[in-house]
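As a plain string of letters, each chain reads:
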Amino acid sequence: MDLQGRSLIGAARGSGGAGESKAVNPTTGEELEPVYLSEGEESVEEACRLATEAFLEYREKSGKEKATFLRTIADEIDAVEEEIVARMSAETALPEGRCRGEKGRTCFQLRLFADLIEEGSWVDARIDHAEPDRAPLSKPDCRSMWRPLGPVVVFCASNFPLAYSVAGGDSASAWAAGCPVIVKAHASHPGTAEIVGTAVRAAVAKCGMPEGVFSLLFGSGRTIGQALVKHPQVRAVGFTGSRAGGRALMDTAAARAEPIPVWAEMSSVNPVFILPGAMKEREAIAQGFVGSLTLGVGQFCTNPGLVISGREGRSAFAGQVASLASETAPATMLHKGIASAYHAAVGAMTAKDAVESLAHVEADAGSRLAGAVVFGTSADDFLADQSMADEMFGPASLMVEAEGEERMLAVAESLEGQLTATVHATEEDREQFSRLIAVLERKAGRLVYNGFPTGVEVCHAMVHGGPAPATSDGSSTSVGPRAITRFTRLVCWQGFPDDLLPEELVEENPLGISRIVDGVRG
Ligand code: NAP
């Protein structure tokens, strides 16, 4: 594909005017062609105008039509797999296997949402029939279901150039819900974004969808990103990235005359608790832990950044972890900013008097390379210094010694909201530490038992969310079909005749979907 370096604004190309940039190969430091033109606020206005116009038509498409659109996007992406893999690995230093795997996951997500909306029951249709003779007051006929919100802005994630970028989980769930999507590209992988964006645009044309159902804008977050979130026609935002970036967008959205939801996935240290009985099986746990820590150079939001265990067996476990970590080689991070943030976070932790270094795979602090680092501290010191619980985005983890149930509970209680919390336990541990699980349920979106947090399965039951600051709103998930309701709102039709109702609520149930009628699920 001949990359043009220009935004996709509906069926047109952007003309830039607000600066330019090039992607950089993080392995070699070399700039990659072409030049990408940054858009300004006029392009934001045009993309929002097109999306608003498209919404009126797109929201009325049937589940089948929208499903065909999502499947066509997946087919178009499949057709350019080789181009995606070549460009993505050059822009991100991610190995070929990961690029192919992420492409597979992206297309799987699109097809999963297609199946969901084609079947149709996701709208949660509820019908309460009228009771005109009810005393003392008559009961009206009420029917409700989820309806789409309107244009959604999606910020591409640096660490998921496909699965949480142009046609990733946020976009797929918004399109599935019936919302047009305006994507703000990430500066670290514009070429990957353009290839996928071109595939989406081809699907828009093939399926006869309104052009404004998709736009892709290149440019700065602080200008066009902010302008998009402020735009009165934008109804919701999907974001994956830093806590500072997510917080800034949440504040902008909340300050609007009409505030809108920002579904931001931000920071999480994903604590792993190793209980005393499980510690006896430490060799296997140490292997699994180091594998989870170093996977993808630790650049996963589910990376295990904190390990909590008792005293017994801890130093032998730490020794095994240190020896396994030392065998890993430093690897290139996604972009310079992420690498320097990692080196700064590791430097800040190293400088703490109460923290010891258990393993440190050296990598030049000025480079884009990162090596695995494992620190140790005591529960008392951890509880006295909240900054020890901050995310070190990359292959770094802190091991906290917390002797006995009360200390472990104190550490668990001190934690901020998390995407995941893991417990390694035996039968015997389970009785002794039952209160721990109850604390962790309040802290995390996903509880992992005798496993590791990295590797988020895309399935119906998955929850990839969690209380703040893991996400802006822990009431939903950004992975799996449940993510669709983030871009919807409930509407109730009272006293409406069949011919004025959405098909899902028509008396005869022409779509054959599951509904709750007079309180009974059918
Ligand atoms: P980021 O700096 O938050 O940027 C993500 C996107 O948000 C970019 O498109 C950026 O635009 C935009 N943005 C950032 N601040 C903004 C603001 N104030 N207003 C409007 N838009 C804004 O994240 P990143 O580049 O992916 O990585 C930086 C750090 O984020 C990492 O070192 C890591 O600590 C963290 N991170 C965490 C996760 C996680 O899942 N926990 C994932 C990825 C990154 P511009 O690029 O144009 O500024």
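Residues numbered from 1 in each chain as written. Predicted model: local features only at pLDDT ≥ 70, side-chain atom pairs only at ≥ 80, totals over all residues. Heavy atoms only, no water.

K.L.:
Talk me through the domain arrangement of the protein; I want residue IDs and the actual numbers.
P.N.:
Interfaces are often sized by the accessible area lost when the parts come together. By domain assignment, the protein separates into domain 1 (15–132 + 142–266 + 473–487), domain 2 (271–449) and domain 3 (497–521). On a C-alpha basis, the centres of domain 1 and domain 3 stand 30 Å from each other. Buried surface at the junction of domain 1 and domain 3, summed over both partners, amounts to about 1200 Å²; 55% is from carbon and sulfur atoms. Counting across the interface, domain 1 meets domain 3 through two salt bridges. Its salt-bridge partner being R521, residue D124 comes within 3.8 Å of it at the nearest N-O pair. Between domain 1 and domain 3 we count eight residue pairs in polar contact (both at pLDDT 80 or more) in total. Of all elements in the fold, only β5 (126–128) and β6 (142–148) reach the threshold of two or more residues within the side of domain 1 that touches domain 3. Here the side of domain 1 that touches domain 3 is built from residues that sort into four nonpolar, four polar and five charged. (Domains from an automatic or database assignment. Buried area = accessible area lost by both parts, 1.4 Å probe. Salt bridge = Lys/Arg side-chain N within 4 Å of Asp/Glu carboxyl O. Polar contact = N/O pair within 3.5 Å; in protein donor to acceptor, adjacent residues only side chain to side chain. Helix = DSSP H or I, 4+ residues; strand = E, 2+ residues; numbered from the N terminus. Nonpolar A, V, L, I, M, F, W, Y, C, P; charged D, E, K, R; others polar.)

K.L.:
With reference to specific residues and values, describe the nonpolar core.
P.N.:
With 103 residues, the main nonpolar core has I73, W175, F214 and L436 as its most contacted residues. Not counting the four nearest positions on each side in its chain, W175 is found in contact with Y58, K66, F69, L70, I73, V166, A167, V181, V200, V213 and F214. (Core = buried A, V, L, I, M, F, W, Y, C linked by side-chain atoms within 4.5 Å. Buried < 20%, exposed > 50% of the residue type's maximum accessible area, 1.4 Å probe, protein only. Contact = heavy atoms within 4.5 Å.)

K.L.:
Hey, could you go over the pattern of salt bridges for me, with residue numbers and the actual values?
P.N.:
Taken as a whole and assessed by the stated rule, the structure comprises 38 salt bridges. D380 is paired through a salt bridge with R407; the nearest N and O atoms lie 2.1 Å apart. Remark: R407 occurs in helix α14 (residues 404–414) and D380 occurs in helix α13 (residues 379–384); sequence separation between them is 27 residues. Look at D380 and you get partly exposed, because its relative accessible area is 48%. Connected through salt bridges with shared partners, the residues D75, D78, E81, E82, E96, R100, K103 and R111 form a single ionic network.

K.L.:
An account of empty space enclosed by the protein is needed here, citing residue identities and associated values.
P.N.:
What the rule picks out here adds up to two cavities of 30 Å³ or more. For the largest cavity, the full set of lining residues is F239, W263, A264, E265, H464, G465, T471, D473, S476, T477, S478 and R486. Looking at the lining of the largest cavity element by element, the count peaks at three residues for strand β11 (residues 262–265). Looking at the second largest cavity, its volume works out to about 60 Å³. Together, S268, V269, F300, N303, G305, E391, M392, F393, G394 and A396 line the second largest cavity. For the lining of the second largest cavity, the class distribution of residues is five nonpolar, four polar and one charged. (1 Å grid on protein atoms, 1.4 Å probe; cavity = no way out; pocket = protein on both sides within 12 Å on 5 of 7 lines; lining within 4 Å. Points joined across faces, edges and corners; volume = space filled by probe spheres on them.)

K.L.:
With reference to specific residues and values, describe helix α3 (residues 81–92).
P.N.:
Residues spaced three or four apart along an α-helix face the same direction, because each turn holds 3.6 residues. Taking 1.5 Å per residue, twelve residues should reach 16 Å; α3 reaches 16 Å between its end C-alpha atoms and fits that length. Within the span of α3, buried status applies to E81, I84, V85, R87, M88, E91 and T92. After α3 finishes, the residue A93 shows a positive phi value of roughly 65°. (Expected span 1.5 Å × (residues − 1).)

K.L.:
Account for unusual backbone geometry, naming residues and giving values.
P.N.:
The peptide bond linking A135 to P136 adopts the cis configuration, its omega dihedral lying at 5°. Look at D518: it is not a glycine, yet its phi comes out positive at around 50°. For D518, the location among the structural elements is in the loop between β22 (516–517) and β23 (520–521). Look at D518 and you get partly exposed, because its relative accessible area is 40%.

K.L.:
Residue-level account of the sheet that holds strand β10 (residues 236–240), with values.
P.N.:
Read from one edge of the open sheet, seven strands run β2-β1-β9-β8-β7-β10-β11, paired in mixed fashion. With partners counted over all chains shown, the strands left at the sheet margins are β2 (12–13) and β11, one partner each. Where strand β7 (residues 152–155) meets β10, three bridges bridge the pair, whose relative direction is parallel. The partner of V152 across the bridge, within β10, is A236. Contacting β7, β8 (181–184), β9 (214–217) and β10, helix α7 (residues 221–230) runs over the sheet at an angle of about 160° to β8. (Pairing = 2+ DSSP bridges. Axes fitted to C-alpha atoms, helices over the stretch in contact; angles between N-to-C directions.)

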